[in-house]
Amino acid sequence: MGWLLTVPCWGERYIAHYLSVTLPAVNAALLHTNRPVRFLVHTDNERAFAGAQFGGDVEFRSIEIGDPYVTYGQANRDALASAWEGEYVMLTGCDTVISREFFSVCERRFAEGYRAIFGTAA
């Protein structure tokens, strides 16, 4: 059982932030799990991610940008539909920085029987 990390990320500003701040934090947190990881990136500019160092396999999907809340919801619905049975799914924003303990703490809670964990940015 592994992780599916969703990355709804479009627009020059958000892509730049994801690549310079969010992705390095995610990769640092991935050092605390031994599970396989898949990234699913919904974006309007796959080329902007060229050379990015993802801490797992990565798949890009084009997304038509409209109302940002609708687009974000469509990306999350697609990600949930793309999850493999038994896979942990992390729905996130491209500008949400997680702690390095994120994955290990979530995995402990899942082992205790939790089925969902909600975290929010402060």
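Anyway, here's the lowdown on the structure attached to this text.

Attention now goes to the side chain of Glu87. Positionally, Glu87 belongs in the loop between helix 2 (68–82) and strand 4 (88–90). Judged by its relative accessible area of 12%, Glu87 is buried. Side-chain polar atoms of Glu87 contact the side chain of Arg38, separated by 2.7 Å. A distance of 2.9 Å separates a polar side-chain atom of Glu87 from the backbone nitrogen of Trp84.

Attention now moves to the nonpolar core. If you look at the biggest cluster of nonpolar residues, it comprises 22 residues, and the most contacted ones within it are Trp3, Leu5, Tyr18, Phe39 and Phe103. Those elements that place two or more of their residues in this core are strand 1 (3–8), helix 1 (12–30), strand 2 (37–43), strand 4 and helix 3 (102–111). The leading source of residues in this core is helix 1, at 6 residues.

This part covers the side chain of Arg38. For Arg38, the location among the structural elements is in strand 2. At a separation of 3.1 Å, a polar atom in the side chain of Arg38 contacts the main-chain carbonyl oxygen of Ser82. Filtering out sequence-adjacent residues up to four positions away, Arg38 remains in contact with Trp3, Leu4, Leu5, Asp57, Ser82, Ala83, Trp84 and Glu87.

Enumeration over the complete set of coordinates arrives at 6 salt bridges. The salt bridge involving Glu87 is made with Arg38; its shortest N-O contact spans 2.7 Å. Of the two residues, Glu87 sits in the loop between helix 2 and strand 4 while Arg38 sits in strand 2, which places them 49 residues apart along the sequence. Here Arg38 falls in the buried class, since its relative accessible area comes to 13%. Arg109 serves as the salt-bridge partner of Glu112, at 3.3 Å between the closest nitrogen and oxygen. Judged by relative accessible area, Glu112 falls into the exposed class, the value being 52%. Arg109 gets classed as partly exposed once you look at its relative accessible area, which sits at 31%. Taken together, the shared-partner salt bridges in this structure form one network comprising Glu59, Arg61 and Asp78.

Conventions we followed
Residues numbered from 1 in each chain as written. Predicted model: local features only at pLDDT ≥ 70, side-chain atom pairs only at ≥ 80, totals over all residues. Heavy atoms only, no water. Helix = DSSP H or I, 4+ residues; strand = E, 2+ residues; numbered from the N terminus. Buried < 20%, exposed > 50% of the residue type's maximum accessible area, 1.4 Å probe, protein only. Polar contact = N/O pair within 3.5 Å; in protein donor to acceptor, adjacent residues only side chain to side chain. Core = buried A, V, L, I, M, F, W, Y, C linked by side-chain atoms within 4.5 Å. Contact = heavy atoms within 4.5 Å. Salt bridge = Lys/Arg side-chain N within 4 Å of Asp/Glu carboxyl O.

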